[in-house]
Amino acid sequence: MKIAVLPGDGIGPEIVAQAVKVLDALRADGAKIEMETAPIGGAGYDAAGDPLPEATLKLARDADAVLLGAVGGPQYDTLDRPLRPERGLLRIRKELNLFANLRPALLYPELAGASSLKPEVVSGLDIMIVRELTGDVYFGQPRGIEVRNGERVGFNTMLYSESEVRRVAHVAFGIAMKRGRKLCSVEKANVLECSELWKEVMIEVSKQYPEVELSHMYVDNAAMQLIRAPKQFDTMVTGNIFGDILSDAASMLSGSIGMLPSASLDEHNKGMYEPIHGSAPDIAGRNLANPLATILSVAMMYRYTFADLATADRIENAVKKVVAQGLRTGDIWTEGTRKVSCSEMGDAVVAAL
Ligand code: IPM
Ligand code: MG
């Protein structure tokens, strides 16, 4: 298996280095994997004047899976929009057709105290958010900033074709079938035509999955319910921007955004794997970041692209073990646990493996 390793910016290189340690340990154990590293985001701009250099895209295309850290940093915020790090990330998602983004929010019992919600509200939490990743207001045309009637206006287009909704619906129903067989589709159909179509297509597709109980929720209510009673959810499916927002909210249920991995898949289960958090420029280069979301992303790579569930379980169990041992990076530290650095956490996971 060929893995393209794209560390990116900020804490990206530090957290990816820990995930690579895990992959190296698996290789020492006989796993047949090759890794090659390339720049993306601000690092891509610095190296080649492009947040998604051609060589990086080619490497990612030729690979079976992509491991990505994070992109972005304040030094790039004044660049022309197409040159900004985030555009590199959006382009690689689009170029590789990674339309289905899986974001599991799972609470490790030992981290219940690290959540900002009461332990009884979050204990036992296990939600899968399926976020559509290559459409919506992120990509819809027209978009821009221009002068109209003597003042500047900014505009974007929320747009979904029925085929885009249908394919992500099939992924979400498929996942719901393997979980609790409850799927909640989140939209804003009381206001947006785009959401009205989304809901109609979800209902059409649901006819092929009679075992799955489909429900519908407006996004504002879903945001509220995630905080009020998150355990009512099993699998959720939603569009690109609603999924971006709801998955950040859901991450806090699990104690820290530093715990949440993700998989972005095309229709052949080729995937890009990345933590859902950003590049955290404020702590970059200080060996403080939590590498567990990135390591858990490697577990997802084994589960979804390599279809090697035993190794996926092995990595997840190693993470559970270090958490149970009381090791904590700063973001999940609570009184009575042991604060460790990013690299110490990576070493501990390798040892537990
Ligand atoms: C995410 C991030 C990205 C997104 C940014 C960095 C472009 O927030 O993966 O959730 O909005 O998709
Ligand atoms: Mg986000």
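Everything here concerns the structure above.
Residue positions are given per chain, counting from 1 as you read along its sequence in written order. Key to labels: chains lettered from A, ligands numbered from 1, both in the order written. Only residues with pLDDT of at least 70 are given local features in this predicted model, and only at 80 or more are side-chain atom pairs given and counted; all residues enter the totals for whole chains, interfaces and linings. Excluding hydrogens and water, the side-chain figures rest on all heavy atoms present in the structure.

J.: Outline the site of ligand 1, listing residues and values.
T.: Working definition: residue near molecule or strand if any one of its non-hydrogen atoms lies within 4 Å of it. Around ligand 1, the surrounding shell consists of Glu86, Leu89, Arg93, Arg103, Arg131, Tyr138 and Asp244. Pairs of N or O atoms within 3.5 Å make up the polar contacts considered here, provided that, within protein, one atom can donate a hydrogen while the other can accept it, and that residues adjacent in sequence are counted only when both atoms are side-chain atoms. The side chain of Arg103 places a nitrogen or oxygen atom 2.9 Å from an oxygen atom of ligand 1. For ligand 1, an oxygen atom lies 2.9 Å from a polar atom in the side chain of Asp244. Each accessible area value is a Shrake-Rupley result obtained with a 1.4 Å probe; residue values ignore everything except the protein chains displayed when judging cover. The protein chains hide 78% of the 320 Å² of surface that ligand 1 would expose on its own. The residue makeup of the shell around ligand 1, split by class, is 2 nonpolar, no polar and 5 charged. These domain limits were set by an automatic method or by a database of domain assignments. Mapping the shell around ligand 1 onto the domain boundaries places at least three of its residues in each of domain 1 (1-99 + 274-353) and domain 2 (103-265). Gly is placed with the polar residues, together with every amino acid not listed as nonpolar (Ala, Val, Leu, Ile, Met, Phe, Trp, Tyr, Cys and Pro) or charged (Asp, Glu, Lys and Arg).

J.: An account of the pairing of strand E6 (residues 144-148) is needed here, citing residue identities and associated values.
T.: In the sheet, E6 pairs with strand E7 (residues 151-155) via 5 bridges, with the strands oriented antiparallel. By the bridge assignment, Ile145 is partnered in E7 with Gly154. Two successive antiparallel strands, E6 and E7, enclose a turn made up of 2 residues, where Asn149 displays a positive phi of approximately 50°. Here, a strand pair is defined by DSSP locating no fewer than two bridges between the strands. Strands here mean DSSP runs of E at least two residues long; helices mean DSSP runs of H or I at least four residues long; both are numbered from the N terminus.

J.: I'd like a rundown of the state of the cysteines, residues and numbers included.
T.: The disulfide definition used here is simple: a pair of cysteine sulfur atoms within 2.5 Å. One pass over the full model with this rule turns up 0 disulfides. The structure places no disulfide on Cys194, whose sulfur is separated from the nearest cysteine sulfur, that of Cys184, by 17 Å.

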